[in-house]
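Okay, here's what each chain looks like letter by letter:
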Amino acid sequence: MSLTAGIVGLPNVGKSTLFNAITNQKILAENYPFATIEPNVGVVTVPDKRMDKLKSMYEPDRFIPTAYEFTDIAGLVKGASKGEGLGNKFLSHIRETDAIVEVVRCFDDGKIIHVDGNIDPIRDIETINLELIIADLDIINNRLDRVSKKARTTKNKEDLIEVEVLEKCKKALEENIPLRQIDLNKEEKEVIKSYSFLTLKPIIYLANITENDIGNEDNTYVKQVKEYASKENSRVVSLCASIEEELSELGDVDKKEMLEGLGLGESGLDKLITATYDILGLATYFTVGKDEVRAWAFKKGMNAKECAGIIHTDFEKGFIRAEVISYEDLIECGSELKVKESGKARLEGKDYLMQDGDICHFRFNV
């Protein structure tokens, strides 16, 4: 399941530094089965302490955590929706992503010029969000010009529903409300799914701070960003991009020592990865054995048959059942055999909704 988060931001906010930290993770290419990695794509592994436990328990030949992509989107400037800067190229790239990480500068530094001359994180956020709103409005207006006339003439039910949903979206955008903030039911979301609206994508605001502000709760700029994000129920992650770049170049031991010296239990990048994984609506199930311990990302709400298809389409086509135990039961009992002896192992059918932490063995016949 290949999913992508796009990193966006104005010039000189720390976007490139953050992306360097991501690409320095040095993930093994053979452990990431999706497509050839492009220069502006970084692959991150999702931190999961459960994988360490499973690794020590099974001592597998292969150990593969789950992963997803971050795409470095070209820097945005005011007027992008009208073609300024890289304009349409920027917007087309972000339209292909599943979530947005918006880097916001939350530090003063006279040596690093801000495109607007001074630091104002809310102005920066609104500059980008307005460009995304305008771009979505353009798509809606163009589509309504075509489909509304047809709907009035033919009274086609599907066209009438599409017009109704697009009008609802247009009204919100004209009031500067991103589509992710309006109440859309499952049917309405399906109607507009193909448009890949930018403001419908979930968003994380990444507050880029200085090393001196790590662990400091009094950064005025960060407070402003958190207040803004709370109004739209979005998340904020604070980190120092330059420190994250340094950490990404260290081995595990040195990295741990540096984090302890900074008073951190985990890196800001790990927090960002985990938060993005969550807003993408992802959870993890595992397959285990002596040959391989592997984590698989799935969309929350997927059933056992669909999750089997993530491994291979044949698993889904010929699905018979899933043998399932929970990670917690495995750790508590100490082995798969003891889980079965305790009566906690389960046989689940195709409609079983997969849960985070399920350990599965799929039975299939093709």
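Read on for a plain summary of the structure. The model shown is predicted, which means the values in this text are computed figures rather than measured ones.

**Observations concerning the overall build of the chain**
Thought 1: What the chain contains, in helices and strands, is 14 helices and 12 strands.
Thought 2: Per-residue burial over the chain gives 48% buried out of 366 residues.
Thought 3: The contacts in the chain between residues at least 6 apart in sequence include a share of 71% that link residues at least 24 apart.
Thought 4: For the chain, the accessible surface area stands at approximately 18700 Å², while carbon and sulfur atoms represent 47% of it.

**Some words on the packing of helix α1 (residues 15-23) against helix α8 (residues 241-248)**
Thought 1: Following both chains from N to C, one finds α1 and α8 inclined at 20°, their axes separated by 8 Å at the closest point. With respect to each other, α1 and α8 are oriented roughly parallel. For the element pair α1 and α8, the recorded crossing hand is left-handed. For the pair α1 and α8, contact is made by Thr17, Leu18, Asn20 and Ala21 and by Ala241, Ser242, Glu244, Glu245 and Ser248, respectively.
Thought 2: Here the contact of α1 with α8 is built from residues that sort into three nonpolar, four polar and two charged.

**Re the sheet that holds strand β1 (residues 4-8)**
Strand pairing in a sheet takes place through backbone hydrogen bonds and is either antiparallel or parallel in direction.
Thought 1: If you walk across this open sheet you meet the six strands as β2-β4-β1-β5-β6-β7, and the pairing is mixed. Each of the sheet's edge strands pairs with one partner strand only, and the pair in question is β2 (41-45) and β7 (235-239). Taking the axes of each pair of neighbouring strands and ignoring which way they run, one obtains an average angle of 25° across the sheet.

**Focus on helix α7 (residues 220-231)**
Thought 1: Between its first and last C-alpha atoms α7 spans 17 Å; for 12 residues at 1.5 Å apiece the expected length is 16 Å, and the two agree.
Thought 2: For α7, every residue scored as buried is listed here: Tyr221, Val222, Val225, Tyr228 and Ala229. Along the long axis of α7, the arc covered by the buried residues comes to 125°, so they all point the same way. Among the exposed residues of α7, those pointing more than 90 degrees away from its buried face are Ser230 and Lys231.
Thought 3: Next to the buried residues of α7 lie β5 (99-105), α4 (121-154), β6 (203-208) and β7.

**What about the packing of aromatic side chains?**
Aromatic ring pairs are defined here through the distance separating the ring centres and the angle between the ring planes.
Thought 1: This model, assessed by the stated rule, comprises 10 aromatic pairs.
Thought 2: Aromatic pair Tyr285 and Phe362: ring centres 5.8 Å apart, planes at 85°, arrangement edge-to-face. Pair noted here: Tyr285 is in strand β8 (residues 282-287) and Phe362 is in strand β12 (residues 358-364), with a separation of 77 residues, a long-range link. Accessibility assignment for this pair places Tyr285 and Phe362 in one class, buried.
Thought 3: Site record: aromatic cluster; members linked through ring pairs are Tyr285, Trp296, Phe298, Phe319 and Phe362.

**Remarks on the pairing of strand β4 (residues 67-72)**
Thought 1: Counting buried positions along β4 yields six of six residues, so the element is predominantly enclosed.
Thought 2: Burial of the side chains of β4 extends over both faces: Ala67, Glu69 and Thr71 are buried on one face and Tyr68, Phe70 and Asp72 on the other.
Thought 3: Here β1 pairs with β4 via four bridges, running parallel. Of the residues in β4, the one forming a bridge with Gly6 is Thr71.
Thought 4: Relative to β4, β2 runs antiparallel, the two being bridged by five bridges. Opposite Val41, over in β4, you have Thr71 as the bridge partner.

**Looking at the pattern of salt bridges**
Thought 1: What the rule picks out here adds up to 19 salt bridges.
Thought 2: Close ionic contact of Arg235 with Asp278 constitutes a salt bridge, the shortest N to O distance being 2.1 Å. On the criterion of sequence distance, the pair formed by Arg235 in strand β7 and Asp278 in helix α10 (residues 268-279) is long-range, its members being 43 residues apart.
Thought 3: On the basis of relative accessibility, which here comes to 35%, the residue Arg235 falls in the partly exposed class.
Thought 4: You can call Asp278 partly exposed: its relative accessible area is 29%.
Thought 5: Sharing partners across several salt bridges, the network here consists of Asp48, Arg50 and Asp356.

**Description of the layout of surface pockets**
Thought 1: Roughly 960 Å³ of internal volume is contained in the second largest pocket.
Thought 2: Lys189, Leu200, Lys201, Pro202 and Lys299 are, among the 26 residues lining the second largest pocket, the residues nearest its centre.
Thought 3: At four residues, helix α6 (residues 186-192) tops the list of elements feeding residues into the lining of the second largest pocket.
Thought 4: Class assignment for the residues of the lining of the second largest pocket results in 10 nonpolar, five polar and 11 charged.

What counts and what doesn't
- Residues numbered from 1 in each chain as written.
- Predicted model: local features only at pLDDT ≥ 70, side-chain atom pairs only at ≥ 80, totals over all residues.
- Heavy atoms only, no water.
- Helix = DSSP H or I, 4+ residues; strand = E, 2+ residues; numbered from the N terminus.
- Buried < 20%, exposed > 50% of the residue type's maximum accessible area, 1.4 Å probe, protein only.
- Contact = heavy atoms within 4.5 Å.
- Areas by Shrake-Rupley, 256 points an atom, 1.4 Å probe, with all protein chains shown as cover.
- Axes fitted to C-alpha atoms, helices over the stretch in contact; angles between N-to-C directions.
- Parallel < 35°, antiparallel > 145°, perpendicular 65-115°, else oblique.
- Left-handed = near helix turned anticlockwise from the far one by under 90°.
- Nonpolar A, V, L, I, M, F, W, Y, C, P; charged D, E, K, R; others polar.
- Pairing = 2+ DSSP bridges.
- Expected span 1.5 Å × (residues − 1).
- Arc of directions from axis to C-beta.
- Phe/Tyr/Trp six-rings, centres within 6.5 Å; stacked < 30°, edge-to-face > 60°.
- Salt bridge = Lys/Arg side-chain N within 4 Å of Asp/Glu carboxyl O.
- 1 Å grid on protein atoms, 1.4 Å probe; cavity = no way out; pocket = protein on both sides within 12 Å on 5 of 7 lines; lining within 4 Å.
- Points joined across faces, edges and corners; volume = space filled by probe spheres on them.

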